[in-house]
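# Per-entry structural report
So you can see what is in the structure, the chains are spelled out below.
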Amino acid sequence: MEAIRIQGGVPLYGEITIGGAKNAALPLMVAGILSDEPLILTNMPELADIDTMVNLLRQHGVQIDQSVGKVSNNLSDAGATGRTMTLAGGNITNVTAPYDLVRRMRASILVLGPLLARKGEAKVSLPGGCAIGTRPVDLHLKALESLGARIALKEGYIQASAPHGLKGANIVFPKVSVGATENLLMAAALADGVTVLENAAREPEITNIAECLNAMGAQITGLGTGTLRIKGVKSLNGARVAVIPDRIETGTYAIAAAITRGRIVLKGTRYDLLESVLDAMRQIGVIIEATDDGFTVSAENGLLGIDVMTEPFPGFPTDMQAQWMALMATATGAAMITETIFENRFMHVPELTRFGVDVNVHGASAIIRGVEKLSGAPVMATDLRASSSLVLAGLAAVGETFVNRVYHLDRGYERLEEKLGACGARIERLSGA
């Protein structure tokens, strides 16, 4: 099994180009099911989860071609690798999403709505993914039933049909759900009539998929708000759409600069995608300066701990909670993190304590008291974002750190060692036996 070795305690200086957002790219890829015509996606990241989605969509009959071109400086069509993906859904031959593929990634559930809308039926395995708490799919299912779908759970599969087609409806989500909002947006785009989604997720990734659907001929209004109105159309055309910059990758490397008390220029990204985190970083003493295509992050000693609470966008993102905890361990004073999204997302705490982090968990809150220095240690990643917090702690720690189970990192971070190494990090990947 592969591991990452870090010789920490080195301030990072340099530039990092941010790639396309994994959490936007995955639903955008699924939108390829909805049209006979090609959907061209630019600024695509190269990640394990993207490869899993490619395999899933291909077995449904979607033809997928990928190419790497010249990096663009235009943020509307930019990319760290210039990677472009073309998806052609003109021959959907299979409506079953099998367990072997779906268990690897929760985003696989997103094929449910598009298959129902396009083919009138779908059979999708109940999903897997990171073990960060219960993330039920009942919001997806109840909302699809409101559109007229018939749904049954049999032998670990969601079996859904819409023999009379999907019909527009008013849907009020009992809680904000990014995945359910994405699934319903795609399904409602081809439903008969008007669908209104209340208490919809407002994340930038939602706006990215809605803008993509509109470019394909959908009629969606209310983008960026909690109320989305979708007027169904009979068919969708092809389009060319850029994946937005990855706000979680942006935040992670911003914290890498701060936690090592260095200076990193983040290119190809946007402040507005991660305003809550960057504003909090400014509050603790981190210096953030705008540039033409991103911003610069720098920090010196004297950062102060503050309290944060995870919330749906535009609040502090749960996907940045573990990284923020690592940063707070190096700040002066005490800080509290309250997790309101997932009930089991402090799994990284025992591993962080191996660095000497002073943290106590009380229910949904964690109290972190800054320490003078962190010490390198062997640690084990438990999920995608937890793994990045361990890398960050290792970068700040004195001595040698080994991060095991790095396959979690490969699901969400493209060329992490290369990007950090270019900024002076002493980091390398080790091949296991």
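Going by the structure above, here's the rest.
A brief report on the enclosed structure follows.

Calculation rules
Residues numbered from 1 in each chain as written. Predicted model: local features only at pLDDT ≥ 70, side-chain atom pairs only at ≥ 80, totals over all residues. Heavy atoms only, no water. Helix = DSSP H or I, 4+ residues; strand = E, 2+ residues; numbered from the N terminus. Rg over C-alpha atoms; globule rule 2.2 N^0.38 Å. Buried < 20%, exposed > 50% of the residue type's maximum accessible area, 1.4 Å probe, protein only. Contact = heavy atoms within 4.5 Å. Areas by Shrake-Rupley, 256 points an atom, 1.4 Å probe, with all protein chains shown as cover. Lys, Arg positive; Asp, Glu negative; His and termini not counted. Charge placed at Lys NZ, Arg CZ, Asp CG, Glu CD. Expected span 1.5 Å × (residues − 1). Phe/Tyr/Trp six-rings, centres within 6.5 Å; stacked < 30°, edge-to-face > 60°. Pairing = 2+ DSSP bridges. Polar contact = N/O pair within 3.5 Å; in protein donor to acceptor, adjacent residues only side chain to side chain. Salt bridge = Lys/Arg side-chain N within 4 Å of Asp/Glu carboxyl O. Core = buried A, V, L, I, M, F, W, Y, C linked by side-chain atoms within 4.5 Å. Axes fitted to C-alpha atoms, helices over the stretch in contact; angles between N-to-C directions.

The next thing to look at is the overall build of the protein. A tally of helices and strands in the protein yields 14 helices and 24 strands. The C-alpha radius of gyration computed for the protein amounts to 21 Å, which stays within 12% of the reference 22 Å derived for 433 residues, consistent with globular compactness. Each principal axis of the C-alpha distribution contributes one length, and for the protein these read about 65 × 50 × 45 Å. Within the span of the protein, comprising 433 residues, buried residues form 57% of the whole. For the protein, long-range pairs separated by at least 24 residues make up 74% of all intrachain contacts whose partners lie at least 6 apart in sequence. Only carbon and sulfur atoms are counted for the fraction: they give 48% of the accessible area of the protein, which is about 16,400 Å². Taking the average location of the 39 positive side-chain charges in the protein and that of its 44 negative ones, the two points are 4 Å from each other.

Moving on, we come to helix α2 (residues 48–60). In this model α2 runs 19 Å from its N-terminal to its C-terminal C-alpha over 13 residues, within 8% of the 18 Å that 1.5 Å per residue would give. For α2, the secondary structure elements touched by its buried residues are α1 (22–30), β4 (63–68), β5 (83–88), β6 (96–97), α3 (99–102) and α4 (112–119). In the stretch just after α2, Gly61 is the one whose phi turns positive, near 110°.

The final tally for this structure, using the stated rule, is two aromatic pairs. Both rings, one in Tyr271 and one in Phe295, keep their centres 5.9 Å apart while their planes meet at 70°; by these two values the pair is edge-to-face. Of this pair, Tyr271 sits in the loop between β15 (263–267) and α9 (275–284) while Phe295 sits in strand β17 (residues 294–298); the two residues are 24 residues apart in sequence, bridging distant segments of the chain. The class of Tyr271 is partly exposed, set by a relative accessible area of 21%. Each ring, one from Phe316 and one from Trp324, has its centre 5.5 Å from the other, and the planes form 75°; the classification is edge-to-face. Residue class for Trp324 comes out buried when judged on its relative accessible area of 0%.

As a further point, take the pairing of strand β21 (residues 365–369). With four of its five residues buried, β21 lies for the most part within the structure. Bridge count for strand β19 (residues 334–338) against β21 is five bridges, and the pairing is antiparallel. For Ala334, the partnering residue across the bridge sits in β21 and is Arg369. Judged from the five bridges that link them, strand β20 (residues 358–362) and β21 form a sheet pairing that is antiparallel. Paired with Val359 across the bridge in β21 is Ile368. In textbook terms, the turn of a hairpin is the stretch between consecutive antiparallel strands, and for β20 and β21 this stretch comprises two residues, one of which, Gly363, has a positive phi near 65°.

The next subject is the side chain of Glu339. Secondary-structure assignment places Glu339 in the loop between β19 and α11 (349–353). Looking at Glu339, its side chain comes within polar contact range of the side chain of Thr310, at 3.2 Å. Separated by 3.1 Å, the side chains of Glu339 and Thr318 make a polar contact. Sequence-distant contacts of Glu339, defined by excluding residues within four places in its chain, comprise Thr310, Thr318, Gln321, Arg345, Phe346 and Ala364.

Let us look at the pattern of salt bridges. What the rule picks out here adds up to 17 salt bridges. A salt bridge links Lys419 to Glu249; the shortest N-O distance between them is 2.7 Å. Taken together, the residues span a long stretch of sequence, with Lys419 in helix α14 (residues 416–421) and Glu249 in helix α8 (residues 247–259) at a distance of 170 residues. On the accessibility criterion, Lys419 (6% relative accessible area) is buried. The buried category is assigned to Glu249, whose relative accessible area is 4%. When salt bridges that share partners are traced, they join Glu2, Asp410, Glu417 and Arg429 into one network.

Turning to the nonpolar core, a few remarks are in order. Ranked by size, the top nonpolar core spans 82 residues in total, and within it Met29, Leu185 and Leu213 carry the most contacts. Among the elements that take part in this core, helix α6 (residues 178–189) stands out by supplying seven residues, more than any other. Counting 68 residues, the second-largest nonpolar core is a separate cluster that includes Ile18, Ile255, Val308 and Leu395.

This part covers the sheet that holds strand β23 (residues 400–404). An order of β22-β23-β1-β24 is seen for the four strands of this open sheet, with the pairing classed as mixed. In this open sheet, the two edge strands, each paired with only one partner strand, are β22 (378–380) and β24 (426–430). When the angles between neighbouring strand axes are averaged without regard to direction, this sheet yields 20°. One ladder, built from five bridges, connects strand β1 (residues 3–7) with β24; its direction is antiparallel. Residue pairing for β24: Ile4 is matched across the bridge by Arg429.

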